[in-house]
Amino acid sequence: DAGVIQSPRHEVTEMGQEVTLRCKPISGHDYLFWYRQTMMRGLELLIYFNNNVPIDDSGMPEDRFSAKMPNASFSTLKIQPSEPRDSAVYFCASSSRRWPLDTQYFGPGTRLTVL
Amino acid sequence: KQEVTQIPAALSVPEGENLVLNCSFTDSAIYNLQWFRQDPGKGLTSLLLIQSSQREQTSGRLNASLDKSSGRSTLYIAASQPGDSATYLCAVSEGGSQGNLIFGKGTKLSVKP
């Protein structure tokens, strides 16, 4: 298996622009997680899905952030409009139906820079 | 609110040394605890997962222990190698919200040849 795939790997944009981050989970996994990592706050869960349904979005910082999972093999995290404080590394992770008895498998991340 | 703390923030050791990384958490009502490794510019790789009913897990040169009552975990690395240089993250999963992995900020390990 190719593992969790994220695109793009790097994104540089200007304040006010819309940003879309993409994730393809490991085939057969039922859970998908979006995290954000910054030096100040470390790794924080933004939202997670179970069988394509959002379960907990309490970590989404504000209404400018939205996430969708239209099918079992694809998810997006959208920021509109983007702000410099959104600059961070965004990780997607997936896990089998055995979560939390199984681990989460992380993608390589998308490094977002908002100028 | 659960908080996870890792000490030290950074550690430098000569090759061959045995070392211990520490993790503490404030609420003992956890479902499991995991140790991850993060290499620069890359994602996280799971090293060991300890369920709340377990006391330790071992994988090769790595051994992780869990003392839920005291809110502590340690990651023991035997005979360290330069390839072990990375940031090590501890995370706990809370039973009430099964999706919520709460991470410490990590210990950056450097193993000098």
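Above this note sits the structure.
Residues numbered from 1 in each chain as written. Chains lettered and ligands numbered in written order. Predicted model: local features only at pLDDT ≥ 70, side-chain atom pairs only at ≥ 80, totals over all residues. Heavy atoms only, no water.

Trainee: Even after reading the chapter, I still don't get the overall build of chain B, so can you show me in this structure?
Mentor: Helix and strand content of chain B: 0 helices and 11 strands. Taken along the three principal axes of its C-alpha coordinates, chain B extends 45 × 30 × 20 Å. Here chain B holds 113 residues, and the buried ones make up 44% of them. Counting only carbon and sulfur atoms, one obtains 48% of the accessible surface of chain B, whose full area is about 5,300 Å². Averaging the coordinates of the 10 positive side-chain charges in chain B and doing the same for the 9 negative ones gives two points 5 Å apart. (Helix = DSSP H or I, 4+ residues; strand = E, 2+ residues; numbered from the N terminus. Buried < 20%, exposed > 50% of the residue type's maximum accessible area, 1.4 Å probe, protein only. Areas by Shrake-Rupley, 256 points an atom, 1.4 Å probe, with all protein chains shown as cover. Lys, Arg positive; Asp, Glu negative; His and termini not counted. Charge placed at Lys NZ, Arg CZ, Asp CG, Glu CD.)

Trainee: Explain the state of the cysteines here, please?
Mentor: A disulfide bridge is the covalent bond that connects two cysteines by way of their sulfur atoms. What the rule picks out here adds up to 2 disulfides over all chains. Disulfide pairing places Cys23 of chain A opposite Cys92 of chain A at an S-S distance of 1.8 Å. Where Cys23 of chain A bonds to Cys92 of chain A through sulfur, the torsion about that S-S bond is close to -65°, and the disulfide is left-handed. Placement of the pair is Cys23 of chain A in strand β3 (residues 19-24) and Cys92 of chain A in strand β9 (residues 88-95), with a sequence separation of 69 residues. Each member of the pair Cys23 of chain A and Cys92 of chain A is classed as buried. There is a disulfide in this structure between Cys23 of chain B and Cys90 of chain B, and the S-S distance comes to 2.0 Å. Residues Cys23 of chain B and Cys90 of chain B are joined by a disulfide whose S-S torsion is about -60°; by sign, that bridge is left-handed. Taken as a pair, Cys23 of chain B in strand β3 (residues 19-25) and Cys90 of chain B in strand β9 (residues 86-94) lie far apart in primary sequence, 67 residues in all. Assigned by exposure class, Cys23 of chain B and Cys90 of chain B land together as buried. (Disulfide = S-S within 2.5 Å.)

Trainee: How should the interface of chain A and chain B be read in this particular structure?
Mentor: Many structure descriptions define interface size as the accessible area lost when the parts assemble. Residue-level contacts link 22 residues of chain A with 21 residues of chain B. Taken together, the connections running from chain A to chain B amount to 0 salt bridges. The tally of links from chain A across to chain B stands at 5 residue pairs in polar contact (both at pLDDT 80 or more). Looking at the side of chain A that touches chain B, the elements with two or more residues in it are β4 (31-38) and β5 (42-50) of chain A. Counting residues per element, the side of chain A that touches chain B draws most heavily on β5 of chain A, which supplies 4 residues. (Contact = heavy atoms within 4.5 Å. Salt bridge = Lys/Arg side-chain N within 4 Å of Asp/Glu carboxyl O. Polar contact = N/O pair within 3.5 Å; in protein donor to acceptor, adjacent residues only side chain to side chain.)

Trainee: What exactly am I supposed to notice about the pattern of salt bridges here?
Mentor: If charged atoms from side chains of opposite charge come close, those side chains can pair. Overall, the coordinates contain 10 salt bridges over all chains when judged by the stated rule. A salt bridge links Arg41 of chain A to Glu44 of chain A; its shortest N-O distance comes to 2.8 Å. Assessed through its relative accessible area of 56%, Arg41 of chain A is described here as exposed. Of the charged contacts, one joins Asp39 of chain B and Arg37 of chain B as a salt bridge, the two residues approaching to 3.0 Å between their closest N and O atoms. Connected via shared salt-bridge partners are Glu62, Arg64, Glu83, Arg85 and Asp86 of chain A.

Trainee: Quick question: what am I supposed to make of the pairing of strand β8 (residues 72-77) of chain B here?
Mentor: Residues in a regular strand project their side chains so that they alternate between the two faces of the sheet. Residue and element names in this part refer to chain B. Here β8 shows a clear split, with Ser73, Leu75 and Ile77 buried on one side and none of Arg72, Thr74 and Tyr76 buried on the other. Pairing of β3 with β8, which is carried by 6 bridges, proceeds in the antiparallel orientation. Residue pairing across strands places Ser24 opposite Arg72, the latter belonging to β8. As defined by bridge partners, strand β7 (residues 62-67) adjoins β8 across 6 bridges and the pair is classed as antiparallel. Note that in β8 the partner of Ser65 across the bridge is Thr74. A loop of 4 residues connects β7 with β8, the two strands running antiparallel in sequence, and Gly71 in this loop sits at a positive phi of about 70°. (Pairing = 2+ DSSP bridges.)

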